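The primary structure of each chain is shown beneath.
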Amino acid sequence: MRTAHSVDTVRTAERALMAELPEGTLMQRAAAGLAAACADLLGRRVYGARVALLVGSGDNGGDALYAGARLARRGAGVTAVLLTPDRAHAGGLRALRSAGGRVTTADGADGEAGVRAVRRADLVVDGIVGIGGKGALREPAQELVAAAEGALIVAVDLPSGVDADTGEVPGAAVRADATVTFGTYKPGLLIDPAREHAGALRPVDIGLGPWLPSEPDAEALQHADVAGLLPRPEAESDKYRRGVVGIVAGSARYPGAAVLAVAGALAGGAGAVRYAGPAADAVIARFPETLVTTGPPAKAGRVQAWVIGPGLGDGPEARQALVDVLTSDVPVLVDADGLRLLDPQAVRARSAETLLTPHAGEAAALLGLSREEVEASRLSSVRALADRFGATALLKGSTTLVADGTHAVRVNPTGTPWLATAGSGDVLSGLTGSLLAAGLSTRDAASVGAYLHGLAARELGNAPITSLAVAEELRRVWLDVSR
Ligand SMILES: NC(=O)C1=CN([C@@H]2O[C@H](COP(=O)(O)OP(=O)(O)OC[C@H]3O[C@@H](n4cnc5c(N)ncnc54)[C@H](O)[C@@H]3O)[C@@H](O)[C@H]2O)[C@H](O)CC1
Ligand SMILES: [K+]
């Protein structure tokens, strides 16, 4: 599990640790890890490599200077470009100069020298801002970052210009090949759009661990975590003991959504899939093992979890089906059209857990925001959804987020943009609902469902995909993960 802590949490932990250590120790630890990562990225060809340091006014710049001094001592040609010459950095500048490094500024007479040094560099170290950064990059940072095009870029702690806590990128920001982050991941490094600005993440341990709270602010499941959460049938199990998932989906207008949701459910670990809705013929034709009923969910027989919404439409049957399902005493996953009909009070009144699985547009409608506002503030949007409905919320996107109002937000790192294709959400709903019926909590079912679904899409490669192909890939992905 990758865990991430917010800026405030990191600051508090750093202060507590620094109180125990001689002045400057943390920066030296950070600089040592940063220099080692740069050497690695230079392929150990440090001697003679041209390195430019973009040095901001805070300690992020200090890290870059001390790391630059270490690279200069190993024979690299290092030039520091100071973005705000007035800022002291006395120790770092002394260390760099005594190691043979050069110093120039980003403006005034030397301005051209600074831009030239960046243009000629093999490797550029982004020490503009770290966890002290606010908003988009300001000049002259933008001009220097543009000059770094084509060089290897290593971001110090964070790619400058991204929001460390939310993953938002308010304007101009560095796009790094790698980000060397200190002490712990920050949520923004795991969440798009900032995640793609960070490049490869290289954590450096500066001894912060014992000072950080055990409950992180965000966390990303890794393979081993998902493997540990997959339902495994006991020896003497039968289909009912493994859980039955009920699928209420499809309509005369969208029968296909029912087929796709059932396809996902059959790959999700429940012992049986029960379908209730008007598309029973289409479902049975494709998946003869499905238990089908054309009556309302209330008369459909016992299930351990319901999925309602894909292709449901908003007619009177759909509304009645939603009431039936929400007044049941089992976990319910609400997706697609079901979300449009959803009343927060009806969800809050429930005795069992509820999981909402909107994409940004559906989340925007539920929150009374624009889609752009949701996309620009995904972390706060998914938390707001969980709070407003007293439920678990899964916000789909290139980084899928899961919030349940009481723990760290789960960030799903798998997935590809190709998943933004018709029907893929229907498959995810069925898959996740099946995991619910097999006994996972809404938080775990949502995280595992998103992880498997994203991996399945990745297995299909960087090309257009069909949602049924994703559903068929789920079995192979399950086998891979559980190996
Ligand atoms: N605190 C520690 O012991 C350690 C810190 N590490 C490194 O230090 C930074 C955090 O340093 P801090 O001085 O708090 O702030 P920053 O260097 O991140 O930058 C703040 C600085 O930058 C200016 N600024 C703010 N926003 C922008 C912007 N959008 N564009 C341009 N300039 C901006 C602002 O004026 C401030 O002066 C942390 O990330 C680590 O890299 C050590 O590594 C570990 C110990
Ligand atoms: K930085």
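These figures come from a predicted structure and were not determined experimentally. (Residues numbered from 1 in each chain as written. Chains lettered and ligands numbered in written order. Predicted model: local features only at pLDDT ≥ 70, side-chain atom pairs only at ≥ 80, totals over all residues. Heavy atoms only, no water.)

Taken together, the neighbourhood of ligand 1 is formed by 23 residues, with Arg11, Asn60, Asp63, Gly130 and Asp157 sitting nearest. Between ligand 1 and the protein, one listed contact pairs an oxygen atom with a backbone N or O atom of Gly132 at 2.8 Å. Between a nitrogen atom of ligand 1 and a main-chain N or O atom of Gly135, the distance comes to 3.2 Å. Isolated, ligand 1 exposes 860 Å² of accessible area, and the fraction of that covered by the protein chains is 83%. Of all the secondary-structure elements, those providing two or more residues to the shell around ligand 1 are helix 1 (7-18), helix 2 (25-41) and helix 3 (59-73). (Near = heavy atom within 4 Å. Polar contact = N/O pair within 3.5 Å; in protein donor to acceptor, adjacent residues only side chain to side chain. Areas by Shrake-Rupley, 256 points an atom, 1.4 Å probe, with all protein chains shown as cover. Helix = DSSP H or I, 4+ residues; strand = E, 2+ residues; numbered from the N terminus.)

Attention shifts here to the side chain of Asp426. Counting through the fold element by element, Asp426 comes out in helix 17 (residues 424-437). Contact partners of Asp426, with chain neighbours within four places excluded, come to Ala257, Leu260, Ala261, Pro310 and Asp335. (Contact = heavy atoms within 4.5 Å.)

This part covers the coordination of the potassium ion (ligand 2). Six octahedrally arranged donors around a metal ideally form angles of 90 or 180 degrees; four tetrahedrally arranged donors ideally form angles of 109.5 degrees. Asn60 (OD1), Asp126 (O), Val129 (O), Val156 (O), Leu158 (O) and Ser160 (OG) make up the full set of protein donors to the potassium ion (ligand 2), lying at 2.6 to 2.9 Å. In this structure, the potassium ion (ligand 2) is surrounded by six donor atoms whose angles at the metal cover 68 to 166°, and the resulting shape is irregular. Counting residues between consecutive donors of the potassium ion (ligand 2) along the chain gives the motif N-x65-D-x2-V-x26-V-x1-L-x1-S. You can see Asn60 sitting in helix 3 and its partner Leu158 sitting in the loop between strand 6 (152-156) and strand 7 (178-182), a full 98 residues away along the chain. Across this residue pair, the class does not change: Asn60 and Leu158 are buried. (Donors = N, O, S within 2.8 Å, 3.2 Å for Na, K, Ca; no water. Tetrahedral: all angles 85-135°; square planar, octahedral: opposite > 155°, others 65-115°. Buried < 20%, exposed > 50% of the residue type's maximum accessible area, 1.4 Å probe, protein only.)

Taken N-terminus to C-terminus, the directions of helix 14 (residues 360-367) and helix 16 (residues 378-389) make an angle of 50°; their axes are 10 Å apart at the nearest point. Considering the angle they form, helix 14 stands oblique to helix 16. When you trace helix 14 past helix 16, the crossing you get is left-handed. Contacts from Ala363, Leu366 and Leu367 in helix 14 reach Ser381, Ala384, Leu385, Arg388 and Phe389 in helix 16. Broken down by class, the residue content of the contact of helix 14 with helix 16 amounts to six nonpolar, one polar and one charged. (Axes fitted to C-alpha atoms, helices over the stretch in contact; angles between N-to-C directions. Parallel < 35°, antiparallel > 145°, perpendicular 65-115°, else oblique. Left-handed = near helix turned anticlockwise from the far one by under 90°. Nonpolar A, V, L, I, M, F, W, Y, C, P; charged D, E, K, R; others polar.)

Core analysis: the biggest nonpolar cluster contains 94 residues, and Leu34, Val51, Leu53, Val125, Ile308 and Leu342 have the highest contact counts within it. The element best represented in this core is helix 2, accounting for eight residues. Among the nonpolar cores identified, the runner-up in size contains 52 residues, and Ala305, Leu355, Ile465 and Ala471 belong to it. (Core = buried A, V, L, I, M, F, W, Y, C linked by side-chain atoms within 4.5 Å.)

The sites that carry the UniProt feature "binding site: AMP" (unreviewed entry) are, in the present numbering, Lys396, Gly397, Ser398, Thr399, Thr400 and Gly425. Spatial clustering of the annotated residues is evident: they stretch over 30 residues in sequence, but the largest pairwise C-alpha distance comes to 14.1 Å. Tracing the sequence through the fold places Ser398 in the loop between strand 16 (392-395) and strand 17 (400-403). For Ser398, a relative accessible area of 37% corresponds to the partly exposed category. Not counting residues up to four positions away in its chain, the partners in contact with Ser398 are Asp192, Arg195, Asn412 and Thr414. Engagement of the side chain of Ser398 in a polar contact is seen with the side chain of Asp192, the distance being 2.9 Å. Gly425 sits in the buried class, given a relative accessible area of 14%. Not counting residues within four places of it along the chain, the set of residues in contact with Gly425 comprises Asp335 and Lys396. (UniProt positions renumbered as here; feature names shortened; annotations may be inferred.)

The step from Glu139 to Pro140 runs through a cis peptide bond, and the omega angle for that step is 0°. Relative to the helices and strands, Pro140 is located in the loop between strand 5 (123-127) and helix 6 (141-147). Here Asp192 and Pro193 are connected by a cis peptide whose omega angle stands at 0°. The residue Ala336 is not glycine, and still its phi comes out positive at about 50°. Checked against the element boundaries, Ala336 lands in the loop between strand 14 (332-334) and helix 12 (337-340). Using a relative accessible area of 14% as the deciding quantity, one classes Ala336 as buried.

Another aspect to go through is the sheet that holds strand 18 (residues 409-412). Ordered in space as 1-9-18-17-16-15-14-13-10-11-12, the eleven strands form an open sheet in which the pairing is mixed. Single-partner strands in this sheet number two, and they are strand 1 (2-4) and strand 12 (291-293). With strand direction ignored, the average angle separating the axes of adjacent strands in the sheet is 20°. Here strand 17 pairs with strand 18 via three bridges, running antiparallel. Its bridge partner being in strand 18, Thr400 is matched across the sheet by Asn412. Of the strands in this sheet, strand 10 (244-248) and strand 11 (272-276) are in contact with helix 9 (residues 255-266), which crosses strand 11 at around 165°. (Pairing = 2+ DSSP bridges.)

Here the focus is the pairing of strand 5. Burial analysis of strand 5 places five of its five residues in the buried class, which makes it a mostly covered element. Both faces of strand 5 are covered, namely the face carrying Leu123, Val125 and Gly127 and the face carrying Val124 and Asp126. Direction of pairing for strand 2 (residues 50-55) relative to strand 5: parallel, over a ladder of five bridges. Note on strand 5: the bridge partner recorded for Leu54 is Asp126. Regarding topology, helix 6 serves as the crossover connection from strand 5 to the parallel strand 6, and that connection is right-handed. (Right-handed = clockwise from strand over helix to strand, strands pointing away.)

A word on the confidence of the model for the protein chain. Chain-level pLDDT for the protein chain is 93 on average; 99% of the residues reach the 70-or-more range. Our summary of model confidence lists the complex with pTM equal to 0.86 and ipTM equal to 0.93. (pLDDT = per-residue confidence, 0-100.)

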